[in-house]
Every structure is written in C-alpha cells, then in structure tokens.
Amino acid sequence: MTHVLLLGGTSGASELAQALHQAGVRACFSYAGVTQQPLAQPLPTRSGGFGGPQGLAAFIRTQGISHVLDATHPFAAQMSRNACAACEATGTPLLALERAPWQAQPGDRWTDVASMADAASALPEAPSRVFLAVGRKQLDAFAACPQHHYLLRLVDAPQAGSLPLPRHMVVLGRGPFSMADDLALLQQHGIAWLVAKNAGGSATQGKIDAARALGLPVVMVQRPALPLRPRTDSVAAVMHWLRHGALPSTSP
C-alpha cells in the first residue's frame, strides 16, 4: 500500500501536499522545525529532525513508508543527503521535486559565489546598505563585515540580541513576494546590494527582478552539491511517478 513521506518546507511541497490530498494518497508531511508557525497542510504533519540517515531509515521502516518525496529547500543539503542515504539503505524509491535555479538575465549584475563566507567577502569594504536575503541560519558569516547595515526579512521575529549583526533591521514576512513589493522594499530602505541564495522558483523571485530594475549588484550564492537522484520540477510528474513507477519521458 502506498504511504508517502513528503519532506517539505517549500511552496512546491505545499502544492504537492494538496495534490496528494486531492488524489487520496496516504502521506505524511514533514517539516524541519525551523519555522515557529509553518503553513498548515492537508496531510498529517510532523516537525523536527529524524536523527540523521539512520533515524530516517528507522522512520521509513516503522511507518511503512513506500515512497519518499524530497521537496525541501535547495539549500537544505543535509536533509537531502540523509534522504538519499536512508532510501538507499531501505530500498525505498526516492524522487526530488526540485525547482530550476535562476539564470542571469540581461541587466543583471551578479557575482556568483560558492558559500556564505565568499558572499560576505564579495561585499564592498565601504559601509553599504545590504538586503541580506539568505535566511536566519546563515547570518554568522556576515558578522565579519559589521560595517554594513543589513536588512533582514524573516518569517519569525528573532529574540532580542540573538542576531550576530550589530547594524540591522528586521522586517517580517512570508512569501510569495511580488516584484512590486520587493521594489518598494528596496527603495524604502535605500538598499545598495542584495545577497541571495539561488533558490529558484517564483515565490521569492521578486527581489531578483527588483534588483535588476534598480541596477543593483547581486551576490548570488550557488546551490550546494547533492547526490545524484531522480528529480523533476513538476508536481504532475511526481503524481505520475507515484501511479506508474516512472517519470514522464519529458521530465529531467
């Protein structure tokens, strides 16, 4: 009997959860537990880690999981690696719902970097106003550049004194964000630089389009390397895979 484990946390995962629910597929939605109030899902939901690949493999066995769908954020590399290892250990079919990365367009002023430390080093020496759109867990690398004023957009309000940046402002918000919204945000705060992770997808693309419209330089952190695994960027292809055991011929 089909019993799907959906590793979520992205807009694509929420779309996939709706598709599974509407199709009557038995499934469990798993959040990493980073966000205090994650979006409600139409599936039974769990939150928190599994205890590494061994813990995930044990969960797959004890819960009778027949398929694992990895729809985590492209930068949630450790969870994706754990899923690959656990599925290999248990012989469980695995498919990743992976959105394509953004590609530089005419007018973009990107500096591609491999890590957050490299991103911090790519910022100018002179104090600048930086929209640091990399998530709360990635801020430590920028403590080495305390001269900048950082704008942070977070889902949850941080505790007082918990952020490592001496000069910062926090705005709260949950995507999707439109280009118009992000254009207004960048202009309101006088942003001169954008630092972003190449997450891809439309939910957070607004800041990339807004930076292009304003001619701002963008430090773009590229995705971490992941093990080879079956993947698609289509929810419909995932549902086809669950029904037929194979992706449509047009899927990557």
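Look up: the structure comes first, before these words.
What counts and what doesn't
Sequence order sets the numbering: in each chain, residues are counted from 1 along the sequence as written. In view of the model being predicted, local features appear only for residues whose pLDDT reaches at least 70, and side-chain atom pairs are presented and counted only at 80 or more, with totals across whole chains, interfaces and linings using the full set of residues. In computing side-chain properties, one takes all heavy atoms of the structure into account and sets aside hydrogens as well as water. Counting from the N terminus, the helices are the DSSP runs of H or I reaching at least four residues and the strands are the DSSP runs of E reaching at least two. Any residue under 20% of the maximum accessible area for its type is buried, any over 50% is exposed, and the rest in between are partly exposed; the area is computed with a 1.4 Å probe on protein chains only. The rule for pairing is simple: two strands pair if DSSP sees at least two bridges between them. If the strands point away from the viewer and the path from the first strand over the helix to the second runs clockwise, then the crossover is right-handed. Contact between two residues is taken to exist if any of their heavy atoms lie within 4.5 Å; hydrogens are not considered. Any pair of N or O atoms that falls within 3.5 Å is considered a polar contact. Within protein, one atom must be able to donate a hydrogen and the other to accept it, and sequence-neighbouring residues count only if both atoms are side-chain atoms.

A. Structural detail: unusual backbone geometry. A cis amide bond, omega 10°, links G175 with the succeeding residue P176. Considering the arrangement of structural elements, one finds P176 in the loop between strand 9 (168-172) and helix 5 (179-188).

B. Examining the pairing of strand 5 (residues 94-97) more closely. Side-chain alternation along strand 5 places L94 and A96 on one buried face and L95 and L97 on a second face that is also buried. As paired elements, strand 4 (residues 67-70) and strand 5 share 3 bridges and run parallel to each other. In the sheet register, L69 faces strand 5, and the bridge partner there is L95. Where the polypeptide runs from strand 4 across helix 3 (residues 77-90) and back to strand 5, its parallel neighbour, the crossover connection is right-handed. As paired strands, strand 5 and strand 12 (residues 231-232) are joined by 2 bridges and run parallel to one another. Note that in strand 12 the partner of L97 across the bridge is T232.

C. Helix 7 (residues 235-244), seen in detail. Burial in helix 7 covers these residues: V235, A237, V238, M239, W241 and L242. Looking at the buried side of helix 7, the elements it contacts are strand 1 (4-7), helix 1 (11-23), strand 4, strand 5 and strand 12. Capping the start of helix 7 is the job of one residue whose side-chain oxygen sits 3.3 Å from the backbone nitrogen of A236: S234. Just downstream of helix 7, G245 is the residue with a positive phi angle, here 80°.

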